[in-house]
Amino acid sequence: MGELSIKIRIAEREYPMRVKEEEEERIRVVGKILNERLRFFKDQFGLQDKQDLLALVAFETMVDKVKLEEEKDSHGTDIGQQLSVLEDILSSVNLK
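Model, not experiment: these values are computed from the prediction.

Rules used in this analysis
- Residues numbered from 1 in each chain as written.
- Predicted model: local features only at pLDDT ≥ 70, side-chain atom pairs only at ≥ 80, totals over all residues.
- Heavy atoms only, no water.
- Pairing = 2+ DSSP bridges.
- Helix = DSSP H or I, 4+ residues; strand = E, 2+ residues; numbered from the N terminus.
- Phe/Tyr/Trp six-rings, centres within 6.5 Å; stacked < 30°, edge-to-face > 60°.
- Buried < 20%, exposed > 50% of the residue type's maximum accessible area, 1.4 Å probe, protein only.
- Lys NZ or Arg CZ within 6 Å of the ring centre and 35° of its normal.
- Core = buried A, V, L, I, M, F, W, Y, C linked by side-chain atoms within 4.5 Å.
- Contact = heavy atoms within 4.5 Å.

K.L.:
Quick one: what's the story with the pairing of strand 2 (residues 13–20), residue by residue and with numbers?
P.N.:
Alignment of strand 1 (residues 3–10) against strand 2, held across 8 bridges, turns out to be antiparallel. Across the sheet, the residue bridging to E3 is K20, located in strand 2. Between strand 1 and strand 2, which follow one another and run antiparallel, lie 2 residues, and A11 among them has a positive phi close to 55°.

K.L.:
Hey, could you go over the packing of aromatic side chains for me, with residue numbers and the actual values?
P.N.:
The final tally for this structure, using the stated rule, is 2 aromatic pairs. An angle of 70° between the planes, with centres 5.3 Å apart, marks the rings of F40 and F41 as edge-to-face. Given a relative accessible area of 8%, F41 falls into the buried group. By way of ring pairs, the aromatic residues F40, F41 and F45 are connected into one cluster. Above the face of the F41 ring, R37 is positioned so that its terminal group lies 5.4 Å from the ring centre.

K.L.:
An account of the environment of L86 is requested, with residue identities and associated values reported.
P.N.:
Here L86 is to be found in helix 2 (residues 50–95). In this structure the C-alpha to C-alpha distance between L86 and I33, which are 53 residues apart in sequence, comes to 42 Å.

K.L.:
Describe the nonpolar core, naming the residues involved and giving the relevant values.
P.N.:
Judged by nonpolar contacts, I6, I8, I10, A11, V19, L38, F41, L53 and V57 together constitute the single largest core of 9 residues. Elements that contribute at least two residues to this core include exactly strand 1, helix 1 (24–45) and helix 2. Counting residues per element, this core draws most heavily on strand 1, at 3 residues. Those residues in contact with A11, other than ones at most four positions away along the chain, are N35, L38, K50 and L54.

Dropping the structure here:
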C-alpha cells in the first residue's frame, strides 16, 4: 500500500499531509472528532480564540489518554491475578 496526499481541515485551517492508505480513514475521523470537540467548547464556553479552543481539546484528550492508560494497567493487574489463581488451580490438579 502506498501513501496518499490529503488535506485535513482543523479549526478552519487546512493541513496537507501524506498518509499511508490504511491510515487515511482513521486520520479523517480524528479530524472530524477534533472539529466536533472544538465546536462543543466554542458553544459551551462561548470562546472564539482558536488557541484557547485547541488547548481545551488537547487537555481533554490527554485526560482521556491518562484515564485509559490507568484502566489498561488496572485490567492488566486483574488479569495477572486471575492467571495466578488459575496456575495455582492447575498446579494442584496436576499434583493429584
